[in-house]
Every structure is written in C-alpha cells, then in structure tokens.
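Take a look at the letters that make up each chain.
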Amino acid sequence: MRSMTDQPVRDDRVVIIGAGIVGCSLADELTARGWKDVTVLEQGPLPAPGGSTSHAPGLVFRTAPSRTMTELARYTVRKFSALTVDGSPCFHPVGGLELATTEARWADLHRKAGLAASWGVTAELLTPQRCAKLWPMVNVDLVYGGLYTPGDGLARAVPACRAQIARATERGARFLDRHTVTGLETTGGRITGVVTDQGEFPADHVVSAAGFWGPVIGRMAGVRVPLLPLAHQYATTTAMPELAGDGADRAEATRPILRHQDRDLYFREHLTPGAGRIGIGSYAHRPMPVDPDSVPRYDASRVMPSSLDFTPDDFAPSWRDARDLLPALGATEVADGFNGVFSFTPDGMPLLGEVPSAPGLWLAEAVWVTHSAGAARAVAEWMTDGRPRTDLHECDARRFEDAQLSPAYVRDRGRQSFAEVYDIVHPLQPPERPRPLRTSPFYARQRELGARFLTAGGWERAHWYDANLPLTEGLELPERDSWSARYWSPAVAAEARATRERVALYDMTQLRRLEVTGPGALDFLQRMTTNQLRKRTGAVTYTLLLDEEGGVRSDLTVARLGPRHFQVGANSPADLDWLSRHAPPEVSVRDITSGTCGIGVWGPLARDLVQPLTDDDFSHEGFGFFRAKSAWIGHVPVTALRVSYVGELGWELYTTADLGLRLWDTLWEAGRDLGVVAAGRGAFNSLRLEKGYRSWGHDMTTEHDPYEAGLGFAVRLDKGEFTGRAALEARAGRPPERTLACLTLDDPATVVLGSEPVYAGGTAAGYVTSAAYGHTLGRCVAYAWLPREAAEPGSPVEIGYFGARHPATVAQEPLFDPEMRRIRR
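Predicted model, so just to flag it, every value in this text is computed and none were measured.

Examining unusual backbone geometry
Each neighbour pair has its own omega, and for Arg-433 with Pro-434 the value is -5°, a cis peptide bond. With omega at -5°, the peptide bond leading from Glu-813 into Pro-814 counts as cis. Along the chain, Pro-814 falls in the segment after strand S42 (804-811). Look at Phe-802: it is not a glycine, yet its phi comes out positive at around 50°. By the element assignment, Phe-802 lies in the loop between strand S41 (796-801) and S42. One non-glycine residue, Asp-817, adopts positive backbone phi at about 50°. As for its placement among the helices and strands, Asp-817 is situated in the segment after S42. You can call Asp-817 buried: its relative accessible area is 10%.

Notes on the sheet that holds strand S13 (residues 190-196)
The antiparallel open sheet is built from three strands, whose spatial order is S12-S13-S14. Because the sheet does not close on itself, it has two edges, and the strands there are strand S12 (181-187) and strand S14 (199-202). Each adjacent strand pair in this sheet contributes to an overall mean axis angle of 25°, direction not counted. As judged from the four bridges shared by S13 and S14, these two strands associate in the antiparallel manner. Within S14, the position partnered with Val-194 by the bridge is Phe-201.

Regarding the environment of Leu-649
Relative to the elements of secondary structure, Leu-649 occurs in the loop between strand S34 (636-641) and strand S35 (650-656). Judged by its relative accessible area of 1%, Leu-649 falls in the buried class. In this structure, the C-alpha to C-alpha distance between Leu-649 and Arg-672, residues 23 residues apart in sequence, is 18 Å. Apart from the residues lying within four places of it in its own chain, the contact partners of Leu-649 are Val-601, Trp-602, Gly-603, Pro-604, Ala-606, Arg-607, Arg-642, Arg-822, Ile-823 and Arg-825.

Some details on helix H8 (residues 312-325)
An α-helical turn contains 3.6 residues, so a residue and the one three or four places further along point in the same direction. Between its terminal C-alpha atoms H8 stretches 19 Å, which fits the 20 Å expected from 14 residues at 1.5 Å a residue. Where H8 is buried, its residues contact strand S7 (96-100), strand S16 (228-237), strand S17 (257-260), strand S18 (265-272), strand S19 (275-282) and strand S21 (334-344).

Remarks on the pattern of salt bridges
Under the criterion given, the structure shown has 61 salt bridges. The salt bridge partner of Arg-497 is Glu-501, with a shortest N-O separation of 3.1 Å. Here Glu-501 and Arg-497 lie together in helix H12 (residues 490-501), a separation of four residues that amounts to about one turn. With its nearest N and O atoms 3.1 Å apart, the salt bridge here joins Arg-738 to Glu-708. With Arg-738 in strand S37 (residues 738-745) and Glu-708 in the loop between helix H17 (681-691) and helix H18 (725-730), the pair connects residues that are 30 residues apart, well separated along the chain. For Glu-708, a relative accessible area of 11% puts it in the buried group. Members of the salt-bridge network, linked through shared partners, are Asp-28, Glu-29, Arg-33, Glu-71, Arg-74, Arg-78, Lys-79, Arg-167, Arg-171, Arg-377, Glu-381 and Arg-389.

The rules behind each value
- Residues numbered from 1 in each chain as written.
- Predicted model: local features only at pLDDT ≥ 70, side-chain atom pairs only at ≥ 80, totals over all residues.
- Heavy atoms only, no water.
- Helix = DSSP H or I, 4+ residues; strand = E, 2+ residues; numbered from the N terminus.
- Buried < 20%, exposed > 50% of the residue type's maximum accessible area, 1.4 Å probe, protein only.
- Pairing = 2+ DSSP bridges.
- Axes fitted to C-alpha atoms, helices over the stretch in contact; angles between N-to-C directions.
- Contact = heavy atoms within 4.5 Å.
- Expected span 1.5 Å × (residues − 1).
- Salt bridge = Lys/Arg side-chain N within 4 Å of Asp/Glu carboxyl O.

Structure, rendered in structure tokens:
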C-alpha cells in the first residue's frame with residue numbers, strides 16, 4: 001500500500017453527501033491520497049450544519065469488544081490530537097474512567113482491561129479511592145472500582161471538521177453548504193451523479209455520509225440502508241463553583257470522561273472561565289425512534305435538526321442516579337438539555353463500503369465521532385487501493401442478509417442496539433427478537449430434541465441439545481466460571497464425545513452455498529482462488545479468496561459437480577458480491593443457500609449409518625476423501641461431499657429445502673441403533689479447534705496472509721495467475737513476522753473464550769482468536785496471533801482472563817489425529 005506522500009493524482013469525481021465529522025474526515029483522507037475532484041455537499045450551514053456532529057458531546061472511549069472498532073477509535077485519537085484550530089487541539093486527552101457499582105460490572109471491567117491489552121490500549125484497574133482522586137465528586141461508597149484509560153478523552157468534533165475542511169480545501173476539495181440532495185442520477189445501472197436544489201453534480205463515486213439521513217439518501221438509489229435514527233438525551237447542570245478552579249481558563253475539561261454504565265450514564269465537564277458545569281448523557285430512557293423524513297430543515301429548527309426538544313420525564317430517573325453517584329449534583333439543577341438524534345444499526349456497527357446493487361454508491365454511515373477519522377481512513381483506502389488496511393468485515397455494508405433488511409427488523413434490532421449500549425453483553429448472546437427468523441427444515445425436529453439456539457445471519461443455529469444431557473453422566477468436566485458457563489451446557493461435551501466415538505448429525509444449512517456455472521466457470525474460479533481447481537469432476541478443494549495484497553478475504557470449499565458446474569461453500573454476502581463483480585458474462589454466480597439444506601454426518605460410525613441407505617458406493621475406495629458425488633439417501637437425492645470440519649469420517653449431505661425434513665428423518669431413524677445424536681455448534685467448535693481448522697472472520701481476515709495463518713497448503717503459486725499471487729510471491733522466502741499459533745492451557749480446569757490477551761515474557765504480545773474446551777484432549781485449546789519468536793512449539797505464554805493470567809503452552813498442531821487416519825478410513 002502506498003504511503004500518503006506517494007499517491008498519484010486521481011481524476012475521478014467524488015461527491016460526498018454530508019459535511020459532518022465523517023464527510024469532512026473522508027474529504028481530508030481522500031485529498032491526502034491524491035484525489036483532486038472532491039465535492040462535499042451539505043444541506044445546512046458550515047461548519048456546524050446541524051447533524052449529529054454538531055451536538056455530539058465528543059466522548060472517546062477506544063476499547064471495545066471489536067478489535068476493528070478499537071483500531072478505528074485509536075486512529076481517530078491520533079489524528080485529532082494532531083489537529084488544531086485557533087491554537088487549540090481538536091482532542092483533549094483527559095483520560096477515561098469507567099466505574100463499577102455492581103459485582104458484575106467490576107468483573108466485566110477486568111474483562112475489558114483484558115480487551116484493552118489485546119488491542120494495544122493502555123488501561124489500569126483502580127480502587128475506589130484512586131477513582132475518587134480522579135473524580136473527587138464520586139460517592140466511593142457505591143463504587144467497587146474503575147477502569148482508567150489515560151489515552152481516552154474528548155474529541156472536539158466541530159473544530160475537527162473546520163481543520164479538515166481547511167486541509168482538504170487547500171488540496172482542491174470544495175465544500176458547498178445549503179445544498180439539499182433531492183436525487184441520485186443513474187446511468188447503465190451505476191450511480192453517476194447527485195441532484196440538489198442548487199444544481200446537478202456529476203460523479204464517478206458518490207459517498208453517503210449523511211448520518212441519520214442515510215436511509216433517505218439510500219431510497220433515492222433504491223437501496224435500503226439498515227439504519228434507525230434514535231434520540232438520546234443529554235443535559236447540563238447549572239454552574240458548580242467547585243469546578244471554577246479546575247483549569248477552566250485552559251481547557252473545556254480536565255477530569256476524565258466518566259461512565260456509570262450500571263445506570264446507562266456518562267459524564268463530562270464543561271468548563272468556562274470562572275465557572276463549570278457537568279454534562280450528563282443517558283441511555284436509560286425508552287428508545288425514541290425518529291423519522292428522518294420528518295426532521296425539520298436547519299432554518300425551521302428551534303436549535304438544529306438533530307437537537308429535539310428535551311423530555312424531562314424521561315430524564316428524571318437518570319437525574320436521580322446521577323446525584324447518587326455524584327452527590328455534589330444535589331446542589332444543582334438541570335439547566336438545559338436536548339434529545340439528540342443519531343444512528344443505530346441492527347448490530348450496532350457502522351455501514352461502510354460500496355453498495356452491490358448500486359455500483360458507484362458508497363456508504364459511510366452509522367459512524368460515531370469516536371470512530372469517525374478511522375472509518376473515513378478505511379473508506380478512503382478502500383476507494384484508493386481497493387482494500388482497507390483494517391479488516392472491516394464487521395462493518396461491511398454488505399453483511400446483512402435480505403431477511404435482515406426489512407423495516408420491521410431494522411426497527412426492532414435498532415431499538416435493542418440502543419438499549420444494549422452499556423449492557424454487559426456476552427459474545428455469544430443472541431438477540432431477543434425477532435426470533436425465529438430463518439430456520440432450517442430440521443427446526444421442528446431440533447426443538448423436539450431440546451435444541452438451544454443461538455443466531456447467525458438471522459438463522460436459528462442449534463448450539464446444543466438438552467436431549468443429550470443424560471449422556472453427560474460419568475463425564476468429568478471442569479467447573480466453569482459464571483461467564484464461560486453462559487450459553488454452554490455439559491451436553492456440548494456429550495455431543496463431542498458421541499461424534500468421536502459413534503456418529504452425530506450436524507445442521508449445516510446455515511453454511512453459505514454458491515453455485516458457479518457456465519463455460520468459463522473453471523477458468524474464473526482458477527483466477528479468483530489460490531488452490532489448484534483444474535481437477536476431474538467430483539473433486540473437492542479447500543481454497544482461499546485473497547485480495548490484491550494477499551490478505552485472506554475468505555476461505556472456500558469448492559466441489560466440481562460437472563465440467564461447468566461448481567458448488568462453493570463460502571462465508572458472507574461479501575463473497576457473493578466479490579465473485580459476482582469479477583465474473584465474466586458467460587459465468588453465473590448464484591446463492592442457493594435458502595433453497596437448499598445440509599446435514600453433516602460425522603463420526604467413526606458414519607459409514608455404518610449412510611451406506612445401508614443408498615445403492616451408491618460410500619466405501620473409502622468408492623468415495624475417497626475430498627470427493628463429491630450425487631447420490632440417493634433413501635428417497636432423497638443429495639449432493640454428498642466427503643469433507644469433515646470435525647476431524648472424523650463422514651459427509652456433508654445437501655438437498656433441496658423441500659426434502660430436508662425427509663433427509664433428517666431418514667438418517668435419524670437409521671442411526672438409532674448406532675447411538676446417533678444431534679450435535680450443535682458448541683461441539684462443532686470444540687472439535688474443529690482440536691483438529692486445527694480455521695474459522696474465517698475469527699482466526700484470519702484480510703489483515704493476514706495464508707502463510708501467517710497456517711494455510712500455505714491451500715496456495716499453489718505454480719498454477720498460474722490468481723488474485724493476490726504477486727503479493728505472495730513478493731514475500732516468498734521471508735518467514736512471517738507473526739503467526740497463528742495453537743495454545744493449550746496448562747491447567748485442565750481453565751477455560752477461555754476468545755479475544756483474551758496473550759503474554760510472552762510478561763508483556764502483552766498477541767490475542768486469542770478462537771477458544772473452546774477440547775473434550776477429547778481434556779483441556780482448553782486456543783488459537784492466537786503471536787510474534788514468530790513467541791510462537792515456537794513448547795514456548796510458555798500466559799492468557800489473561802478476567803484479571804488473572806493462566807499459563808499456556810504453544811503446541812504443535814494439529815493436536816488431534818495428525819496422521820489423518822480417522823478422517824481417511
């Protein structure tokens with residue numbers, strides 16, 4: 001990737017809709033990369049046009065469960081710290097302090113300190129007394145402790161806009177306020193311009209950075225932007241004399257920004273010469289959705305479009321909670337307040353990237369000030385280089401399934417995202433509603449077996465089955481702490497054991513399946529992926545999608561079902577978009593997931609179950625490993641793939657959705673005498689980690705190349721050209737500086753879950769990507785990114801978990817059946 005000082009001039013015409021903090025940041029980032037024809041259109045007056053940026057209180061807490069979001073926030077802090085307006089910085093590093101007033105929150109702050117260590121953020125757990133030194137007003141009798149992050153602070157959003165407007169303008173950008181967008185022009189299916197009440201603006205690229213007006217802009221292109229505007233309360237107190245001497249002549253705040261998440265509150269100082277007030281933000285009130293079409297224009301607003309009338313009754317409980325925590329507020333009153341509008345998505349994450357159904361239209365939406373510069377940089381890199389340096393799959397605008405784009409779904413999930421802003425949310429915690437949304441044909445049978453479902457992509461996905469609890473008798477399992485025991489059951493261990501010893505059925509319907517057909521299908525897939533696919537019909541190949549820099553976009557399982565017919569097991573909607581964008585006219589790429597279903601039949605007795613049900617030869621000689629064939633299982637036609645993600649003999653059996661229930665019932669009845677069980681995702685994850693199988697999006701992303709990720713076996717540099725090949729060749733012969741390492745916990749009773757920091761030599765050196773208890777091995781298995789020197793097998797490391805450090809050892813992988821005897825018999 002080129003440095004910002006070595007960028008060629010770009011003549012493409014870019015129109016950015018919205019001059020809030022994201023639009024201004026994006027114009028700055030693009031012009032710094034050589035883009036000269038950049039126009040920013042804004043319906044309000046600059047530099048404070050009245051959107052969410054204009055009222056944002058500016059609190060920046062960088063640490064999040066998402067590594068990506070933390071990185072976006074870290075860049076925002078770095079950039080704004082270097083910007084000044086009128087001699088004042090655009091970021092005040094006053095620090096951040098999060099308080100715990102319950103045991104659960106105090107435990108969670110220990111977990112969050114671990115996340116900070118994983119993502120490279122300096123953080124320290126404090127006693128109540130040390131919290132009070134940072135915030136003398138705090139009622140220490142309520143406080144268990146706090147998490148202090150000295151690098152957090154206050155972003156001055158409007159001054160940061162001013163600074164970036166000035167820089168971008170110097171490089172040739174133009175900012176036009178009082179221009180209301182009324183339409184988008186389309187030519188040949190591509191967005192080619194923006195229509196405003198002041199004229200038309202031709203464009204090669206249009207970026208919607210319109211904030212909570214994003215859905216309005218999207219509709220102009222026939223695009224549903226899954227974003228719900230909601231009002232959030234912010235109030236300021238009357239003057240407090242005790243704040244007058246706290247440096248009010250030097251800065252607008254000196255104390256750390258403060259979070260009281262047990263009551264859904266945050267606080268900051270507002271210091272002015274000779275006086276000071278406290279600002280209080282609340283997420284404790286009812287969700288208050290806002291129709292963006294009904295928001296008045298700037299000149300018709302009482303204050304500004306994004307600042308709605310304050311509703312004191314909604315704030316009353318928060319005001320009581322605020323005075324409990326900060327008793328000094330008892331001598332003050334609420335001086336003023338407003339209900340500020342900003343954006344929530346169904347999963348609480350931003351919407352970034354180009355829209356597949358409207359080429360030329362990019363989204364930079366649902367981005368808060370905290371992540372603004374980082375998100376803008378990522379989109380600018382994406383537009384300039386074809387890829388962002390930071391993995392954005394969690395923020396990718398393409399990530400939602402069609403079923404997740406309905407207005408009802410966006411409303412339900414957006415409201416829940418608001419309610420959960422400060423909740424302690426377990427990484428496996430499923431949404432409460434709307435459920436069930438997407439179900440496999442086996443759903444009724446799964447419920448009969450007591451399936452406990454989690455969700456993914458709107459699908460109900462069985463994690464374990466209560467029907468298997470009697471099989472846990474006699475199993476020796478470590479006692480779990482309250483966190484790792486959530487969304488887990490001893491039935492997981494029984495299902496893993498049954499898979500290793502007998503046979504189990506796994507619902508594989510949720511695995512994305514693409515059909516690639518046409519006279520050029522083979523050549524197309526050869527060009528797009530890393531492994532050799534030029535094999536005879538019936539071959540199954542594990543391969544990778546790379547970007548031009550060699551980063552792993554996805555991993556695929558490609559089955560050649562005919563000379564011009566391939567079934568591709570993929571990961572996300574982005575895979576479909578990537579392949580569709582690059583497919584030549586004679587090649588069809590089609591998502592067949594919803595019309596099909598699949599069952600994984602795995603275990604040493606898998607052949608005993610399947611063979612009597614078919615006249616086709618399922619012997620090892622007649623149906624070898626990594627082969628595919630069409631067959632009949634009873635009355636059901638299936639596409640059978642001899643692959644296994646759990647390290648045992650077996651097949652994935654796919655059929656059409658209408659025949660799915662018959663397939664399940666046929667296998668279930670035939671397997672009764674063999675002790676067949678239904679097994680869920682919990683056992684699946686445990687078994688795949690014992691075998692060393694990677695999970696894209698967790699263990700590797702576009703930030704990693706195949707050799708770092710331990711996937712070099714899926715790369716054939718000698719097969720000819722493919723996307724990313726040149727980048728990999730340029731690294732040939734150089735050992736990777738980091739690697740995905742297999743770790744086993746030294747104490748068989750210790751369980752970790754993922755995202756924990758890994759310490760080498762006492763220093764945080766990496767982080768866990770995936771972890772699960774290995775029931776075959778009798779200890780927890782974790783995969784982690786580590787520097788090469790710390791990743792040698794036998795090296796001792798420690799994994800941080802809720803404040804404790806647990807010894808672990810780097811292990812040679814795979815841990816289970818390295819000779820592959822079980823899977824190939």
